[in-house]
Amino acid sequence: MNDMQPDQIVGEYVEHTLNFYDGSSRKILVTEIETEFPKGCLIVSRTDTSGVITHCNESFVKMSGYAREELIDQPHSILRHPDIPPAAFADLWNTLEKGEKWNGYVKNLRKDGGYYWVYVTAIPNIRNSVTQGYTSVRREPSRKKVEECIKLYPTMF
Ligand SMILES: Cc1cc2nc3c(=O)[nH]c(=O)nc-3n(C[C@H](O)[C@H](O)[C@H](O)COP(=O)(O)O)c2cc1C
């Protein structure tokens, strides 16, 4: 994944380096600008078994700030925000790899450095007892739950 570049960013930013599970890293530029979840929309994506994006809907594209071509074939961690503790993603992967559904509140990073909160439901796509990939649907999160996560997540690092 490419490092984020200052000319993509809207507003004042802080630089972080994210270290990913596979050992790679990425320089990201993060602002405090929130994009509200679009009322009545569902943000949908599908991945292969390693979390690489294979499909995404128009709401996903719009909210991410990327072009569709920049998202397809990229790891889902292209949206990873530094405020979400790795333990949350470990729980997601452990749950999905057991063949179960995972729900959680996630803050996602946009291409322009801003963020948006979502309530994610992710499920394994199982055919003939074999996991083919994963589907995730994001709904508008309850503001109360988001406020709880804003307090809880920093304690999980
Ligand atoms: C179906 C599915 C949906 C995911 N959705 C997101 C997401 O919206 N935002 C995110 O940061 N990571 C999401 N992930 C988790 C990423 O694959 C990845 O684990 C995470 O960004 C942390 O990066 P790392 O595991 O490489 O350290 C999703 C994974 C799957 C399988």
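The structure presented is a predicted model; accordingly, all values stated were derived computationally and were not measured.

Enquirer: Got a minute to help me understand the site of the ligand in this structure?
Expert: Not every one of the 19 residues close to the ligand is listed here, only the nearest: F20, Y21, G51, S77 and Y134. Among the elements of the structure, α3 (86–97), β5 (102–109), β6 (115–127) and β7 (130–139) are those that each provide at least two residues to the shell around the ligand. A per-class count over the shell around the ligand returns 11 nonpolar, six polar and two charged.

Enquirer: What am I meant to see in α3 here?
Expert: Under the 1.5 Å per step criterion, the end-to-end length of α3 is 16 Å for 12 residues, consistent within 8% with the ideal 16 Å. Phi turns positive one or two residues past the end of α3, at G99, with a value near 85 degrees.

Enquirer: Please explain the sheet that holds β7 as it appears in this structure.
Expert: Two pairing modes exist for strands in a sheet, parallel and antiparallel, and in both the strands are linked by backbone hydrogen bonds. Taken together, the five strands give an open sheet; going across it, the order is β4-β3-β7-β6-β5, and neighbouring strands pair in antiparallel fashion. Of all the strands in the sheet, just β4 (53–56) and β5 have a single pairing partner and so form its edges. Across the sheet, the mean angle separating the axes of adjacent strands is 30 degrees when strand polarity is ignored. Note that β5 and β6 share eight bridges and pair antiparallel. In the sheet register, G104 faces β6, and the bridge partner there is V120. The strands touched by α3 are β5, β6 and β7; relative to β5, the strand with the most contacts, the crossing angle is about 140 degrees.

Conventions adopted
Residues numbered from 1 in each chain as written. Predicted model: local features only at pLDDT ≥ 70, side-chain atom pairs only at ≥ 80, totals over all residues. Near = placed C-beta within 6 Å. Helix = DSSP H or I, 4+ residues; strand = E, 2+ residues; numbered from the N terminus. Nonpolar A, V, L, I, M, F, W, Y, C, P; charged D, E, K, R; others polar. Expected span 1.5 Å × (residues − 1). Pairing = 2+ DSSP bridges. Axes fitted to C-alpha atoms, helices over the stretch in contact; angles between N-to-C directions. Contact = placed C-beta atoms within 7 Å.

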